[in-house]
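Observations on the three-dimensional arrangement
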Amino acid sequence: MTPITLDFSNMVAERLGGGGVEAERLGGDLADRFRSAHESVESARHSGEMGFFELPYDSVALRRALDLADRVEGRFENLVIIGIGGSALGARTLRDALLGPLWNERSNEERAGRPRMYILDNVDPGAVLDTLEHLDLRRTLFNVVSKSGSTAETMALYLVIEGLLIEELGADEVGKHFVFTTDAESGTLRSIAEAEGISSLPIPDNVGGRFSVLSPVGLFPAALVGVDAAALLAGAARADEYCRTPVLRENPAGLMATLLHTAHSEAGASIHVMMPYSERLRSFSFWFQQLWAESLGKAHDRSGNVVHTGPTPLPAVGVTDQHAQVQLFMEGPLDKVVVFLAVTGLGQRDVSIGTHRASVPSLAYLGDYSLGRLMDAERQATAEALRQGGRANMTFEIPHLDASTLGELFMLMFVATVYAGALYDVNPLDQPGVELGKELAYGLMGREGYDPPEQSDPDVRWRLERG
Ligand code: PA5
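Note that residues are indexed from 1 along each chain, following the sequence as it is written. Selection of residues for local features in this predicted model requires a pLDDT of at least 70, selection of side-chain atom pairs for listing and counting requires 80 or more, and totals for whole chains, interfaces and linings are taken over all residues. Note that the side-chain values use all heavy atoms of the structure and ignore hydrogens as well as water.

Some thoughts on the pairing of strand β3 (residues 116-120)
Here is the key point about a regular strand: its side chains alternate between the two faces of the sheet. Classification of residues uses two cut-offs on accessible area relative to the type maximum, computed with a 1.4 Å probe and protein chains only: under 20% is buried, over 50% is exposed, and between them is partly exposed. Numbering of helices and strands runs from the N terminus, with a helix taken as a DSSP run of H or I at least four residues long and a strand as a DSSP run of E at least two residues long. Extensive coverage of β3 is indicated by the burial of four of its five residues. Pairing between two strands is assigned when DSSP locates at least 2 bridges connecting them. Note: strand β2 (residues 78-82) against β3, five bridges, orientation parallel. Bridge assignment links V80 to a residue of β3, and that residue is Y118. With helix α4 (residues 89-99) bridging β2 and its parallel neighbour β3, the resulting β-α-β unit is right-handed. By convention a crossover is right-handed if, when the strands point away from the viewer, the path from the first strand over the helix to the second runs clockwise.

Dropping the structure here:
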């Protein structure tokens, strides 16, 4: 199998110029800095804090997810994932990357009888109703995903759907339409599952939402829609293996984290763009955004000092964004690094552009090529244009997009994130910054023990005065 490669030559001063790092530092101070980040991650791994490292080897979790998928297979036309943040973005990424963004529009035959897959990760009532009205609830399985088992948005959606199912099917049938993926022991979902015999899958205690796609959170929906869940884990195990080395030059997750952190701390590149050249990986860039943002954007360092640190991850997609954000990347502030994802090589579907307009001089050059070649040429050209403009960028080349390479990519990003956590000196596993907003929303909703927000001053507001 051809491995994923990382081309970071456009990060290196010898090629990029001023904003790059001198190549010799990769064997010098940056290698030392990475070695100590690696050591701190290894010690967190061995103390059991970073449970995602063990997911590729969790054959019990895999078996459970496959068995449950087998039990419900053929009974449902639709699978709806109800979750938010890390509990939803992984499933969307799996669907889009491996089945294609148009999976739900394919016929039953084209889907080989596998269910359509929807993700409800917003409480916007119009969008929720649009989705639910579109589905035959009698033929729909709802997978409620929440590590805590108590997230307000997820619980509200669960209650709405349960109410609709009670009306439509009667209370006795409702439980058969739910699978809960939640903490093994605690939380409201776990209690309901146990009291009412609802099928459920456990999320390991030491795996948080954004690190959970390789747990039953992603494995169950993957298995149900026919994705090779075992291959997903095998790919992740491969990345875990080659990322074990403390030698910077040999560790792609280490290189990604160290080069992005250095570009930020030394050259002011605080915006980290994730730009796949693949429509199927569009969702991946949003999955990565949440992982990088929630893990690294922190008020305090690990010693408790106030630091307000963290890069801003920005999703983009090639080639579309060449006509949108690339102008800014090329000529705007020198505050960005672009991480390209290129899907190269065999297995990709491709289409020739065609020579039927060869007599039109402005179109003739396209005729001998395919869309795949055009896309790849544009990616290379964009990377080179950025380099010539002194704009740092690096490229992960993925030989073939399948369950195995996607699993590998997920694990690479997890490992890069925890290395980056060590380099930024923050805890990548918590998210204290989202608590205050949650508490104020509880206050507004009248939940006991919580205060509502201060109201804004009605005079500090523009409105069109009518006579
Ligand atoms: O990545 C995270 O940890 C968060 O984004 C959570 O996934 C999100 O807040 C949802 O939490 P829960 O899974 O407990 O419902």
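Now, onward.
Here we look at the site of the ligand
The nearness test applies per residue and asks whether one of its heavy atoms lies within 4 Å of the molecule or strand. S87, S146, S148, T151 and Q290 are the nearest of the 13 residues found near the ligand. In the environment of the ligand, an oxygen atom lies 2.5 Å from a nitrogen or oxygen atom belonging to the side chain of T151. We call two N or O atoms a polar contact when they sit within 3.5 Å, provided that within protein one can donate a hydrogen and the other can accept it, with sequence-adjacent residues counted only if both atoms are side-chain atoms. Between G209 and the ligand, the recorded distance is 3.5 Å, taken from a backbone N or O atom to an oxygen atom. In the complex, 88% of the free accessible area of the ligand, which totals 380 Å², lies under the protein chains. Of the residues that constitute the shell around the ligand, the class distribution is one nonpolar, nine polar and three charged. The method behind every accessible area is Shrake-Rupley, applied with a 1.4 Å probe, and residues are considered shielded solely by the protein chains displayed. Amino acids outside the nonpolar list (Ala, Val, Leu, Ile, Met, Phe, Trp, Tyr, Cys, Pro) and the charged list (Asp, Glu, Lys, Arg) are all regarded as polar, and Gly is one of them.

Some details on the environment of D457
Residue position: D457 is located in the segment after α17 (435-444). Exposure remark for D457: the relative accessible area of 41% places this residue in the partly exposed category. Looking at D457, its side chain comes within polar contact range of the main-chain nitrogen of D459, at 2.8 Å.

As for the pattern of salt bridges
Pairing between side chains of opposite charge can happen when the charged atoms of each approach one another. The term salt bridge refers to a side-chain nitrogen of Lys or Arg lying within 4 Å of a carboxyl oxygen of Asp or Glu. Tallying each qualifying case throughout the model produces 25 salt bridges. One salt bridge in this structure joins R33 and E266, with 3.8 Å as the shortest N-O distance. Of the two residues, R33 sits in helix α2 (residues 29-46) while E266 sits in helix α11 (residues 252-267), which places them 233 residues apart along the sequence. Overall, R33 belongs to the partly exposed group, its relative accessible area being 29%. A residue is classified by how much of its surface remains accessible, and E266, at 45% relative accessible area, is partly exposed. Between E194 and R190 there is a salt bridge, with the nearest N and O atoms lying 3.7 Å from each other. Of the two residues, E194 and R190 are both situated in helix α8 (residues 188-196); the distance of four residues between them amounts to about one turn of the helix. The exposure class of E194 is exposed, given its relative accessible area of 58%. Within this structure, R25, D29, R33 and E266 form a network of salt bridges that share partners.

Describing the domain arrangement of the chain
Many structure descriptions define interface size as the accessible area lost when the parts assemble. For the domain bounds, the source is a domain assignment made automatically or taken from a database. Split into domains, the chain comes out as domain 1 (5-47 + 234-424), domain 2 (51-227) and domain 3 (433-466). Relative placement of domain 1 and domain 3: their C-alpha centres are 38 Å apart.

Digging into the sheet that holds strand β4 (residues 140-146)
Strand pairing in a sheet relies on backbone hydrogen bonds, with the paired strands running either antiparallel or parallel. If you trace the five strands from one edge of the open sheet to the other, you get β3-β2-β4-β5-β6, paired in parallel fashion. For this open sheet the edge positions go to β3 and β6 (199-203), each flanked by a neighbour on one side alone. Across the sheet, the axes of successive neighbouring strands diverge by a mean angle of 20°, strand direction being ignored. Two strands pair when backbone bridges link them, and β4 and strand β5 (residues 178-183) are joined in this way by five bridges, in the parallel orientation. Among the inter-strand pairings, F142 is bridged to a residue of β5, identified as F178. α8 contacts β4, β5 and β6 of the sheet and is inclined by roughly 130° relative to β5. Two residues form a contact once any of their heavy atoms are found within 4.5 Å. Here an angle of 0 to 180 degrees is reported between the N-to-C directions of two axes, which are lines fitted to C-alpha atoms, with helices fitted over the stretch in contact. In the packing of helix α9 (residues 216-224) onto the sheet, contacts are made with β2, β3, β4, β5 and β6, and the angle to β4 comes to roughly 165°.

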